[in-house]
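Spelled out, the chains give:
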Amino acid sequence: MSSSIFSIAKRRAILVGFGVVIAFVVFFAQRVKSSPFVTTEGDIVSTEFVVTVDAQNVVDEKTGRRQALPAPADAQPPFRVTAKLFPNVIHLGDPVYIVVYLENIATAPQSFPVYEREVNDPVCFSVTSNKISGEEARCYFEKQTRGEFFYQPSFETLAPGERRLWRRCVLELPPLEDLEEPFYRTLEKEIAQAPVSCDLNIKTGVEAFIKPVCGGESFDCRIEGRLSVVVEPRRENEIALLRRWLSKTRRRNLLPRVDGTDKVAWQDKDSPDLPSTLTSCLWFDFFPFSPWNFIRSGNRKPSTPNNPITVDGWRRLEAEFAPSTLRDEITLTRLQLEYYDADEGEASDAALKALVDWTSQRPEPQRVVLSQSLLSKRAKFKGTPLEAKNATLCDALTSAFPAETPKSSDDAK
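So, here is what we can say about the structure in this document. (Residues numbered from 1 in each chain as written. Predicted model: local features only at pLDDT ≥ 70, side-chain atom pairs only at ≥ 80, totals over all residues. Heavy atoms only, no water.)

1. Overview of the overall build of the protein
Scanning the protein for helices and strands turns up 9 helices and 19 strands. Looking at the protein as a whole, 48% of its 413 residues are labelled buried. Long-range contacts, defined as pairs at least 24 residues apart, comprise 73% of the intrachain contacts of the protein with a sequence gap of at least 6. When the accessible surface of the protein is split by element, carbon and sulfur atoms take 54% of a total near 20,500 Å². (Helix = DSSP H or I, 4+ residues; strand = E, 2+ residues; numbered from the N terminus. Buried < 20%, exposed > 50% of the residue type's maximum accessible area, 1.4 Å probe, protein only. Contact = heavy atoms within 4.5 Å. Areas by Shrake-Rupley, 256 points an atom, 1.4 Å probe, with all protein chains shown as cover.)

Here it is as structure tokens:
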């Protein structure tokens, strides 16, 4: 009898174990099928995007005009495009950081366009989830000056086998102004039950020039890919604080609006490009500084009119949040203010080292985005009491990350 019971139990155990194995294999196969080029390294997700040649542009020898022709059937993309995302698990409202690299896999030099916006290059993202059927969130990156409407890309040339940073951006899931949008309201309800995986879908293009001069023969390439991030609930007290910030920012008419495929911060022709309230200014040597001098563009968690105006205020705010990328950006502002507030000499040197060391220790996508944000603000400090200190900070960052520093960082717009 006992032997029979043991045999039945053994068979059941084998069947259960076999079922678990089958379920794991099916789950893994689905993951591979949905994201065939995805690899994971800690909290960083690396993905190779799909590149397709849409058209071939050739120059008519008689007229000198360029003509778009259908791409040859055997046309091979001249670039490999890879992206890295950090982190792959966030709390609702956290930013995620993305860097995209181009690698020349052709046998000849290739040129490609490079945009010089502060952080968010012109890339089209949408956010979807299989838990939220029929809905998506569109990502509109924010222009910080009216001049960005007229920016023209420069061109950089890659030698065969050379790889270079092409795009860097940050997506907040969601940004403060979108906290009550339908997709994110549904997402908040879903994550109250269990964490939800969201897909960041990208579609963009690049014109790859065969010759290192604009106007030569080129290919129009389409780039498509998907990056995934798991969203978990945020602590109730933190969400309540975000909602208070949203309400106050809306009442002061300081939320950005969608303008075409971008967001813009100004409200009318007479308002400044980066509007802020006088009561949200930070003061150094009796000189008022807009909070946007110390906060990543587009990040309203918090900025005017909700931001603290003292170093101690930023320290207290930092302590209110659990570890997260949202808190990381508060930490970065606090470190900047401690540096600018420190007396010249040992105190200033120590504060500068703390700021650069903290930035250096960030995972690659976050480090690139946040260091670029700091470098891009150099022009905002010119002619102010903090100009010299800011120049020292920019020089230290450029020395610490030479391969990640764009050539135009000294002339940030």
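That shown, we press on.
2. Some remarks on the packing of helix α5 (residues 325-341) against helix α6 (residues 346-360)
Between α5 and α6, the least distance of the axes is 8 Å, while the angle of their chain directions is 160°. In terms of axis orientation, α5 runs roughly antiparallel to α6. Of the two possible hands of crossing, α5 and α6 adopt the one that is left-handed. Residue-level contacts link Asp328, Thr331, Leu332, Leu335, Gln336, Glu338 and Tyr339 of α5 to Ser348, Ala351, Leu352, Ala354, Leu355, Trp358 and Thr359 of α6. (Axes fitted to C-alpha atoms, helices over the stretch in contact; angles between N-to-C directions. Parallel < 35°, antiparallel > 145°, perpendicular 65-115°, else oblique. Left-handed = near helix turned anticlockwise from the far one by under 90°.)

3. Brief notes about the packing of aromatic side chains
Evaluated as defined, the whole model comprises 13 aromatic pairs. On the basis of an interplanar angle of 75° and a centroid distance of 6.3 Å, the ring pair of phenylalanine 125 and phenylalanine 141 is categorised as edge-to-face. With phenylalanine 125 in strand β9 (residues 124-128) and phenylalanine 141 in the loop between β10 (137-139) and β11 (142-143), this pair connects stretches of sequence that are 16 residues apart. For phenylalanine 125, a relative accessible area of 1% puts it in the buried group. Using a relative accessible area of 6% as the deciding quantity, one classes phenylalanine 141 as buried. (Phe/Tyr/Trp six-rings, centres within 6.5 Å; stacked < 30°, edge-to-face > 60°.)

4. Observations regarding the sheet that holds strand β16 (residues 257-259)
The strand order across the open sheet formed by 3 strands is β11-β17-β16, and the pairing between neighbours is mixed. Pairing within the sheet leaves two strands with one partner each, and these edge strands are β11 and β16. Relative to strand β17 (residues 262-264), β16 runs antiparallel, the two being bridged by 3 bridges. Note that in β17 the partner of arginine 257 across the bridge is valine 264. (Pairing = 2+ DSSP bridges.)

5. What to know about the pattern of salt bridges
Taken as a whole and judged by the stated rule, the model has 25 salt bridges. Note that glutamate 180 and arginine 250 form a salt bridge whose closest N and O atoms lie 3.6 Å from each other. In this pair, glutamate 180 sits in the loop between β13 (163-172) and α2 (182-191) while arginine 250 sits in helix α3 (residues 236-251), placing the two residues 70 residues apart along the sequence. Under the relative-accessibility criterion, glutamate 180 is labelled partly exposed at 37%. The exposure class of arginine 250 is partly exposed, given its relative accessible area of 43%. (Salt bridge = Lys/Arg side-chain N within 4 Å of Asp/Glu carboxyl O.)

By themselves, these figures tell us nothing about what the structure is for.
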